[in-house]
Amino acid sequence: MALISTWYVGGLPVTAGQASVAPVTQLASVEPQAVSVKPQTIRRAPDGFFYVKARINGTPVRLLVDTAASMLVLNQTDAARVGVVARYSQGHGTLIGIGGGTSYQMAHVKRIALGDRTIHNVQAAVTNGGAQVSLVGQNVLAQLSALEIRGDELRFQ
């Protein structure tokens, strides 16, 4: 399982601190929109990571919470299940993580629900193999009112 800390978009490195950097060819200007709701608490999994049960376009998906990732990343299996189609023309590059690199293409997610929170119009990278797990990164996490990790609990609202 690779945690992404650096992305290469248009040949340039993009780190988690630069989450607002978009691919050279980006989607039509689509602004994420969020609504406020009650807090959700997630327990740390036995492997040491936090996973959230999300609904992407209405379909359940288990996502690793990766605060160092720039954006939502879907593996090919999850992308196909939720009806997300990646297109080379929407942006592409290479994801670099602990386990090495894998190529990706950009896609558009109509909505992602985390607990009672729904966020609309989210960009996602869809990997071309390599990724074992899909993950939620800064472009979604930044839309939450708060994110707090204490011991073995992650809390968001």
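From a predicted model like this one, the values you see are computed outputs, not experimental measurements.

A. Examining the overall build of the protein chain more closely. Helix and strand counts for the protein chain come out as 2 helices and 13 strands. Considering the protein chain as a whole, with its 157 residues, one finds that 41% of them fall into the buried category. Long-range contacts, defined as pairs at least 24 residues apart, comprise 65% of the intrachain contacts of the protein chain with a sequence gap of at least 6.

B. Up close: the nonpolar core. In this structure, Leu63, Leu72, Leu74 and Ile112 are the most contacted members of the largest nonpolar core, which totals 27 residues. Sequence-distant contacts of leucine 63, defined by excluding residues within four places in its chain, comprise Phe50, Tyr51, Val52, Ala54, Ile56, Leu72, Leu74, Ile112, Ser134, Leu135 and Val136. If you look at the next biggest cluster of nonpolar residues, it comprises 12 residues, including Ala69, Tyr104, Ala125 and Val133.

C. Here's a closer look at the pattern of salt bridges. Within this structure, the stated rule accounts for 4 salt bridges. Glutamate 148 is the salt-bridge partner of arginine 150, the closest N and O atoms lying 2.9 Å from each other. Given a relative accessible area of 33%, glutamate 148 falls into the partly exposed group.

D. Inspection of the packing of aromatic side chains at higher detail. This structure, assessed with the given rule, holds 0 aromatic pairs. Here the basic side chain of arginine 62 rests over the ring of tyrosine 51, its NZ or CZ set 3.6 Å away from the ring centre.

E. Seen up close, the pairing of strand S5 (residues 51–56). As defined by bridge partners, S5 adjoins strand S6 (residues 59–65) across 6 bridges and the pair is classed as antiparallel. Across the sheet, the residue bridging to valine 52 is leucine 63, located in S6. The antiparallel hairpin formed by S5 and S6 contains 2 residues in its connecting segment, where asparagine 57 sits at a positive phi of about 50 degrees.

F. Region of the structure containing unusual backbone geometry. With phi around 50 degrees, asparagine 57 is a residue other than glycine that occupies positive phi space. Take asparagine 57: it is sitting in the loop between S5 and S6.

What counts, and where the lines are drawn
- Residues numbered from 1 in each chain as written.
- Predicted model: local features only at pLDDT ≥ 70, side-chain atom pairs only at ≥ 80, totals over all residues.
- Heavy atoms only, no water.
- Helix = DSSP H or I, 4+ residues; strand = E, 2+ residues; numbered from the N terminus.
- Buried < 20%, exposed > 50% of the residue type's maximum accessible area, 1.4 Å probe, protein only.
- Contact = heavy atoms within 4.5 Å.
- Core = buried A, V, L, I, M, F, W, Y, C linked by side-chain atoms within 4.5 Å.
- Salt bridge = Lys/Arg side-chain N within 4 Å of Asp/Glu carboxyl O.
- Phe/Tyr/Trp six-rings, centres within 6.5 Å; stacked < 30°, edge-to-face > 60°.
- Lys NZ or Arg CZ within 6 Å of the ring centre and 35° of its normal.
- Pairing = 2+ DSSP bridges.

These figures capture arrangement, not role.
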